[in-house]
Structures are given as structure tokens and as C-alpha cells.
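So the chains spell out like this:
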Amino acid sequence: MPPVDDPFRIADEQIKLIPDDVKIRLVDFHAEATSEKYAMGWFLAGRVSAVYGSHTHVPTADERILEPGTAYITDVGMTGSYAGVIGMEKNQIIERFTKFPARRAEHAKGDVWICAVVVEVDETNGEAKKITQLRIEHQE
Ligand SMILES: [Fe+2]
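Below you will find a few notes about this structure. (Residues numbered from 1 in each chain as written. Predicted model: local features only at pLDDT ≥ 70, side-chain atom pairs only at ≥ 80, totals over all residues. Heavy atoms only, no water.)

1. A short note on the coordination of the iron ion
Reference values for angles at a metal are 109.5 degrees in the four-donor tetrahedral case and 90 or 180 degrees in the six-donor octahedral case. Around the iron ion, the donor atoms from the protein are His30 (NE2) and His55 (ND1), and they sit 2.2 Å away. Placement of the pair is histidine 30 in strand S1 (residues 26–30) and histidine 55 in the loop between strand S2 (50–54) and strand S3 (64–66), with a sequence separation of 25 residues. Accessibility expressed as a relative area gives 23% for histidine 55, which makes it partly exposed. (Donors = N, O, S within 2.8 Å, 3.2 Å for Na, K, Ca; no water. Helix = DSSP H or I, 4+ residues; strand = E, 2+ residues; numbered from the N terminus. Buried < 20%, exposed > 50% of the residue type's maximum accessible area, 1.4 Å probe, protein only.)

Next comes the structure, spelled out in C-alpha cells:
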């Protein structure tokens, strides 16, 4: 992904703007590197209810509670077609990697999954108690 501002500093600044009575705080960290996502999870542990990654389109199997009380997963995965390559038509993506010039790929069709997580949070203090992956596969 192209360079951006420091997400750790920005997250820190943004969390300080949230009123104290807002207990349930969810952070969608849209990023590529798993190490950065994990670091953000630990950076925000105890300050938000959940940190969940997105962008790679591939659900990871590392959902857990980062003590004290932050639900974490490196990537939730996408809702879209798993028949192709991260949601796009597989032959067009292969062509992009093997031929020049690359052309725009279309969305893949079929084998649609819904990927998500369910996070149980104590509403009184915002602490996450449990995180469960949810994956619904629909074969056409
Ligand atoms: Fe993305």
C-alpha cells in the first residue's frame, strides 16, 4: 500500500477524542502487513473493545482476546467471491501477473462467503469477553 501518516500516532490522537461515556470502541485497521496489525492490536489493548484487520481479503485464524479486554483478529476476511483471487476473476488476475500491460480485472462470480467476527463486550466498561469468527459459505 502507498505510504501514509503514522497510524499509531493517529490512533492515539483519535482515541483521546472519544468521550469517556463511549465504552464500546471498534477499530478497523485497514492494512497489509500482519506485523503492523498485531502491533496495533497490542498498542490499543485495554483502550478499545476490538481491533480487527481488513484489506487482505483473507480471513486469518488468530482471533483472541488481548488482555486487558481487547478482541483481536489480524484479518476478518472479505464478503465476496472466493472463486477467484481476493474477489477478482482469477484468470484476469493471473494475466495481470504474467502479461504486460496489466488490464483491470472484474469481480469473480460464485462461491460467495460472508466473513465477519462476533465480539461480545461488557457494555459497562467496553471490555471484550469473547471473539468468534463467522464464516458463511454460499455455493451456487
Ligand atoms: Fe484495501
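After that view, the rundown keeps rolling.
2. So, the side chain of serine 54
Along the polypeptide, serine 54 turns up in strand S2. Not counting residues within four places of it along the chain, the set of residues in contact with serine 54 comprises Asp28, Phe29, His30, Ala31, Lys37, Thr74 and Asp75. (Contact = heavy atoms within 4.5 Å.)

3. Side note on the side chain of aspartate 75
Inspection of the secondary structure assignment puts aspartate 75 in the loop between strand S4 (70–73) and strand S5 (80–81). The class for aspartate 75 is buried, based on a relative accessible area of 1%. Apart from residues no more than four positions distant in its own chain, aspartate 75 is found in contact with Lys37, Gly53, Ser54, His55, Thr56, His57, Val58, Pro59 and Thr60.

4. So, the pattern of salt bridges
With the rule as written, the count across this model stands at eight salt bridges. In this structure, lysine 16 and aspartate 12 form a salt bridge, with 3.2 Å as the shortest nitrogen-oxygen distance. Linking lysine 16 with aspartate 12, this pair stays in helix H1 (residues 7–17), spanning four residues, or about one helical turn. Here arginine 135 makes a salt bridge to glutamate 137, at a shortest N to O gap of 2.7 Å. Overall, the relative accessible area of 47% leaves arginine 135 in the partly exposed class. Via salt bridges that share partners, Asp5, Arg9 and Glu13 belong to a single interconnected network. (Salt bridge = Lys/Arg side-chain N within 4 Å of Asp/Glu carboxyl O.)

Take it as geometry only, folks, not as evidence of what the structure does.
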